[in-house]
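Given next are the chains, with one letter for each unit.
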Amino acid sequence: MSLFKARDFWSTVVEGDAGNEEECDTGCLVIANIDNSSPSSDKVIVGGFSGHLRVFLPQSHRNEEGEEAYGFRPDHVLLETTLNYPIIRLAAGRFVSGNDLLHLCVLHPDRMAVYTVSVTTGQTGHGHHSRLSVAYQHKFQRQAHSLTIGSFGGVKGKDYIAVLSLDGILTVYEQESYAFQSFLPGFLLPGPVAYVSKSDSIVTVASDWCLQCFKYQVLASATEKDKENTNNNNNNSKGKRLAPEWSRQLNGEALDIIVLCPQEGPTNILVLTFRAIYCYKETGVLRFVKKLEFNPSCFMAFPVDNFIHICVGTYTSTLLVYRETELKWASQLPFPPVALARSDFTAYRFLRGIKGAAVSLGDAGQIQVSYLGTDPSLFVAPPAETREINYDQTDKELAQLHRIIKASTKDTGTLVGMNRGDNDLLVTGSIGTQLERWLGTTKVQDPEGVPAVPVVVRLTAHIPLNCVRVNICVEKPLAVTQDTFVLRTICDTSQIMVKIYLAESYIPTSLKVAIIASYINQSGAPRVITASMEVPLRLVVKPSAPTKEADHKITIATNKAAVNLPELFPDFGLDGNVTTALGLQYYGGPEVTILSSRTTNRYRLQSDSLAALWLILSEVTQRLRSYWGHSSRKDGEELELGVASAVPVHELFSEIDAHFMRRKKLHELQAQLVQRATQFRAVQRRLLTKFKDKTPTPLTNLDNLLEGTYKQILQITDVINENVRGLEEDGCILSCVIQVILELVRLQTKMADQEFSLLTAAVSPIVHSSMDQGWEETTDASVTFLLKTVLGRGSRDAAISPELMMPNDTIKLKKHLGILLEKILKVGAKLNINTPTTNNTEPMEDPHSGEDDEIVASVPTESVAQHETDHDPTSVPLGSRLGEDRARSARIRSARLMSARRITEQRSEDDDAESPYTTDRGQGSKQVLESASEEPENLINFEDEEEPGEGESSPQDIEDTLADEEGALPDPSNDNELPDPGNEDATSNPGDEDAKSNPGDDDALQTEVKGTEEEDQESET
């Protein structure tokens, strides 16, 4: 902001129709002696989009006291008329043949008219009268955008007009007659146009932000060649292809072009963009560039003393004066200008007048003639009265002011905080307890229909607020009937009612509902208030019969007695007779079974889909903490949750491969779409060329090629839409699996909240399908950084962030994730970002990966020895046969994993040969990985016996099965079954201790190992 204001010499405001504001733009202002008066005096000519045309003669006058005064008077209006068409450009020049007088050219969207302004001397004392008469006009077939004037072709004493249309046609008129038309090459959007008289060329800015220069003779000759070829019916020859004389790249869209052609000195072409001012010679040589740190609105330029002076107007109502690239002056204007001009208003009747005045036009019709003054626009306080200083009173006043400042600045620190609007607006939400049947459209196919839950959002305003925007966000596949609301005014309390339902048939990642309210308070600061809640689990699942077998099982151990499932899930209305088994099924999706064991205080979750276990696992842990956290059930001992099953890493890798293959397929389809679109445009251009030819020629099957390409584009877009929907589904499944893995790691290692937040930041469960940077590359970069810094020997400052690009495969990602989970689960590494872990053990050599030596080197050799010994010293959850068998059969699993990899590679080669229009979630590799990751018999299994109902179990059978299995489960609450902390043998090898306590397990394990080896030999064969 400048200290100085532009000194007002003359100003007024023009109005549009019915007293409304006039709308003006860059080309609506012209300064010229349009009435050809003698002596010559400049007039201000202003047009507007309403069609009004006005001519003013600003001048000073004498007031009643006889002094020279400035300002607008009614007699300064020389002409005011309405042309009935919007005025988009004005120009003054010698446009009429037969005389050298100045005429006014007015450009309308569909026509151009040239007017003569004549002055009639009054016969009485009424003064002079100005009249506007039409000399000639030209109507257009295309909508006009801008024009330029000049002595095209080097003609003397005449001015021709060139009009640029919206579609890139440059039409030239030689005064009253039409000359030619020429289509500018590579045209998409119109830009400003100007004429360079010294080189007889026309410059414009194309849509690709290139300043292009076309010779006038080239434009005319190219058109003449086309006419000759058309008249001679010569189909083989074509006109000269129009090409620019030179082209220069700009840094943005051009606002205006000014050409300075002084009689002595070089010609300069000035271009104003949103970010800079460019100055070129007529040959295209760059003279200088001035980068701007503000948003310019318009500019003007004029030479003074062999220097170019540039005046730039901004949207902050500031006028900046540059001498080439050096800022010389800045002053404030009363409005943001859209057009600037420089004029001399000479003396009149012994008055002084003004020279070099700046004429500015605002977008609402404000006109001001000003000059740059030196009086600062600041209020100068009068001198204070001299008095003796009372220091005691001054100290009291200073202390009082300190208290006021301290009280007023208490809340300035929270100004940046987005939740600081609680005093102005209170946002609360409530979810209905009763579900309703959804009658709208949904893709979920379920015989019972899909439920919906009503949500009420209440907004309570303590002060009147305007334009409050409310967004309701849910995670897919959940959907809301309306997610955006704009409340114009809130004075007391407003309510918003919506419904949330299940729109897609895959598994949701979260049940949270986020409510975001944004507004601007009375002080002008933006405020954002957020509130969150969760929809009930009954919205996505329904009760079903429990199942015996499942592919994926998770066992949760607690230190509290097992809770009856009807008490844990009272909202499902379960039968009180069945307390240890509960079956749930997603609407249109997989089933999940929950089992509880009273003697071992454990819970089992099992399902054929690992992703389906996430919501149930989260709900079970949350309800257990809420159940035992009630004041009536507290016994002084905190609830502890553990995991008695292995972390399903192979299933995570399978879902990563499926998601990555879907992304890769999407990139291939997009590349094919670009290729087909390019081919479609090329065929269109060929057909357009043939259709423009007046002599019919054979199409040479171009129409069939166009139709076939169009069908291929439609087919590819349909496949892309299906692939995008599949990518969203795979992203949700991958997100659920990641959250299951993270929760199991948290429960198994008793991880603190700070460490878990760091792990979640590295392995993010948020999978976006619309980002250019996918989940795979971002996760690989974050995990690599974590391994090199927090879990490695390197420093965070020395770590270099790699360039995030889509990888060719997921081998490195899976390797890094495996090392990270191995360090956390087996080595027991702690995630502390303040003190990175340093391992003093020798590094493990990996000949297969040269670039990951730093990561692998941080893995101690103890982890390698664990794979090479039958007795794994790694601590496993107590009583978990699954974890103990996994540690004992490491060699067997290694051989089976190598076999599974060979089968996966062979199947991936077969999958690569498939058509790109078909998508596959990698079921083959997933089954192989699942078979490779199969574990021995799990902790809680149903008996293999015939049951009625095709796989379903009755409540009594489930009770008997659980009762039989409870004897094989060690009880964590029984101290006799726990290893003695003082016994070194039990501490070093918990597997041996378990073998002593359960001697029958070793025989079963040996039999199971033999059977596994036989299966491996058959799979290798």
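Residues numbered from 1 in each chain as written. Predicted model: local features only at pLDDT ≥ 70, side-chain atom pairs only at ≥ 80, totals over all residues. Heavy atoms only, no water.

A.B. asks: Sorry, what's going on with the overall build of the chain here?
C.D. replies: Helix and strand counts for the chain come out as 18 helices and 45 strands. In the chain, which comprises 1021 residues, the proportion classed as buried is 45%. A separation threshold of at least 6 residues defines the contact pool for the chain, and within that pool the share at least 24 residues apart is 62%. (Helix = DSSP H or I, 4+ residues; strand = E, 2+ residues; numbered from the N terminus. Buried < 20%, exposed > 50% of the residue type's maximum accessible area, 1.4 Å probe, protein only. Contact = heavy atoms within 4.5 Å.)

A.B. asks: How should I be thinking about the sheet that holds strand β34 (residues 465–474) in this particular structure?
C.D. replies: Backbone hydrogen bonds hold the strands of a sheet together, and the pairing may be parallel or antiparallel. The strand order across the open sheet formed by 4 strands is β36-β34-β38-β39, and the pairing between neighbours is antiparallel. Each having just a single partner strand, β36 (484–490) and β39 (526–534) make up the two edges of the open sheet. Taken over all neighbouring pairs, the strand axes of this sheet differ in orientation by 20° on average, direction set aside. Pairing of β34 with strand β38 (residues 512–520) involves 6 bridges; the strand directions are antiparallel. In the sheet register, Val 474 faces β38, and the bridge partner there is Val 513. (Pairing = 2+ DSSP bridges. Axes fitted to C-alpha atoms, helices over the stretch in contact; angles between N-to-C directions.)

A.B. asks: When you look at helix α7 (residues 753–762) in this model, what are you seeing that I'm missing?
C.D. replies: Since the α-helix advances by 3.6 residues per turn, residues separated by three or four positions end up pointing in the same direction. Where α7 is concerned, the buried positions are Glu 755, Phe 756, Leu 758, Leu 759 and Ala 762. Axial view of α7: buried residues confined to an arc of 160°, hence all on one face. The outward face of α7, more than 90 degrees from its buried face, is lined by the exposed residues Asp 753, Gln 754 and Ala 761. In this structure, the buried side of α7 is in contact with α6 (702–749), α8 (775–788) and α9 (811–827). (Arc of directions from axis to C-beta.)

A.B. asks: Would you mind showing me how to read the environment of Leu 319 here?
C.D. replies: Mapped onto the fold, Leu 319 is located in strand β26 (residues 318–323). On the accessibility criterion, Leu 319 (2% relative accessible area) is buried. Note: C-alpha distance between Leu 319 and Lys 5 (314 residues apart in sequence) is 9.2 Å. Look past the residues within four positions of Leu 319 in its chain and what remains in contact with it is Cys 311, Val 312, Gly 313, Trp 329, Ala 330, Ser 331, Leu 333, Leu 340 and Leu 372.

A.B. asks: I'm lost on the packing of α6 against α7 in this one. Help?
C.D. replies: Two quantities define a packed helix pair, namely the angle between the helix axes and the distance between the axes. Running from N to C, α6 and α7 point in directions that differ by 155°, and their axes come no closer than 11 Å. Considered as vectors, α6 and α7 are oriented roughly antiparallel to each other. Crossing geometry of α6 relative to α7 is assigned as right-handed. Residues Leu 742, Val 745 and Arg 746 of α6 form the contact with α7, whose participating residues are Asp 753, Phe 756, Leu 759 and Thr 760. When its residues are assigned to classes, the contact of α6 with α7 shows 4 nonpolar, 1 polar and 2 charged. (Parallel < 35°, antiparallel > 145°, perpendicular 65-115°, else oblique. Left-handed = near helix turned anticlockwise from the far one by under 90°. Nonpolar A, V, L, I, M, F, W, Y, C, P; charged D, E, K, R; others polar.)

A.B. asks: What is the right way to read the environment of His 103 from this model?
C.D. replies: Counting through the fold element by element, His 103 comes out in strand β9 (residues 103–107). A polar contact is formed between the side chain of His 103 and the side chain of Thr 116, at a distance of 3.3 Å. (Polar contact = N/O pair within 3.5 Å; in protein donor to acceptor, adjacent residues only side chain to side chain.)

A.B. asks: Is there a simple way to explain the nonpolar core in this structure?
C.D. replies: Counting 104 residues, the largest nonpolar core has Leu 425, Ile 500 and Val 763 as its most contacted members. Every residue in contact with Ile 500, bar those within four places of it in the chain, is listed here: Pro 451, Ala 452, Val 453, Val 455, Val 474, Leu 478, Ala 479, Val 480, Val 513, Val 535 and Leu 539. (Core = buried A, V, L, I, M, F, W, Y, C linked by side-chain atoms within 4.5 Å.)

A.B. asks: Please explain the confidence of the model for the chain as it appears in this structure.
C.D. replies: The predicted coordinates should not be examined in detail at positions where pLDDT is low. Looking at the chain as a whole, its pLDDT mean stands at 77, while 74% of the residues score no less than 70. Note that pLDDT drops below 50 for residues 411–421; the model gives that stretch 14 contacts with residues more than four away or on any other chain. (pLDDT = per-residue confidence, 0-100.)

A.B. asks: Explain unusual backbone geometry here, please?
C.D. replies: Leaving glycine aside, a negative phi is the common case for residues, and trans is the common case for peptide bonds. Between Ser 38 and the following residue, Pro 39, the backbone shows a cis peptide bond with an omega angle of 0°. Secondary-structure assignment places Pro 39 in the loop between β2 (29–32) and β3 (43–47). Cis geometry is adopted by the peptide bond preceding Pro 477, which originates at Lys 476 and carries an omega value of 10°. Position of Pro 477 among the secondary structure elements: in the loop between β34 and β35 (478–480). Backbone geometry places Asn 306, a non-glycine residue, at a positive phi of 60°. Positive phi, close to 60°, is recorded for Ser 317, a residue that is not glycine.

A.B. asks: Even after reading the chapter, I still don't get α9, so can you show me in this structure?
C.D. replies: Its 17 residues give α9 an end-to-end C-alpha distance of 23 Å, which sits within 8% of 24 Å, the value for a rise of 1.5 Å per residue. Regarding α9, the residues found buried are Leu 813, His 816, Leu 817, Ile 819, Leu 820, Leu 821, Lys 823 and Ile 824. In the stretch just after α9, Gly 828 is the one whose phi turns positive, near 80°. (Expected span 1.5 Å × (residues − 1).)

A.B. asks: When you look at the packing of aromatic side chains in this model, what are you seeing that I'm missing?
C.D. replies: Note on aromatic pairs: each is described by the distance of the centres and the angle between the planes. Under the definition given, this model contains 15 aromatic pairs. Consider the rings of Phe 152 and Tyr 160, whose centres lie 6.3 Å apart with planes at 70°: the pair is edge-to-face. Phe 152 sits in the buried class, given a relative accessible area of 2%. Three or more aromatic residues joined by ring pairs make a cluster, and in this case those are Phe 152, Tyr 160, Phe 180, Tyr 195 and Tyr 216. Above the plane of the ring of Phe 307 lies Arg 323, whose end atom (NZ or CZ) is 4.7 Å from the centre. Its end group placed over the ring of Phe 756, Arg 746 keeps NZ or CZ at 4.3 Å from the ring centre. (Phe/Tyr/Trp six-rings, centres within 6.5 Å; stacked < 30°, edge-to-face > 60°. Lys NZ or Arg CZ within 6 Å of the ring centre and 35° of its normal.)

A.B. asks: I tried to follow the sheet that holds β9 on my own but got confused; where do I start?
C.D. replies: Pairing within the open sheet is antiparallel, and its 4 strands lie in the order β8-β9-β10-β11. One side of each edge strand has no neighbouring strand; the edge strands of this open sheet are β8 (89–93) and β11 (129–139). Going across the sheet, the axis of each strand differs from the next one's by a mean of 25°, ignoring polarity. Where β9 meets strand β10 (residues 111–120), 4 bridges bridge the pair, whose relative direction is antiparallel. If you follow Leu 107 over to β10, its bridge partner there is Met 112.

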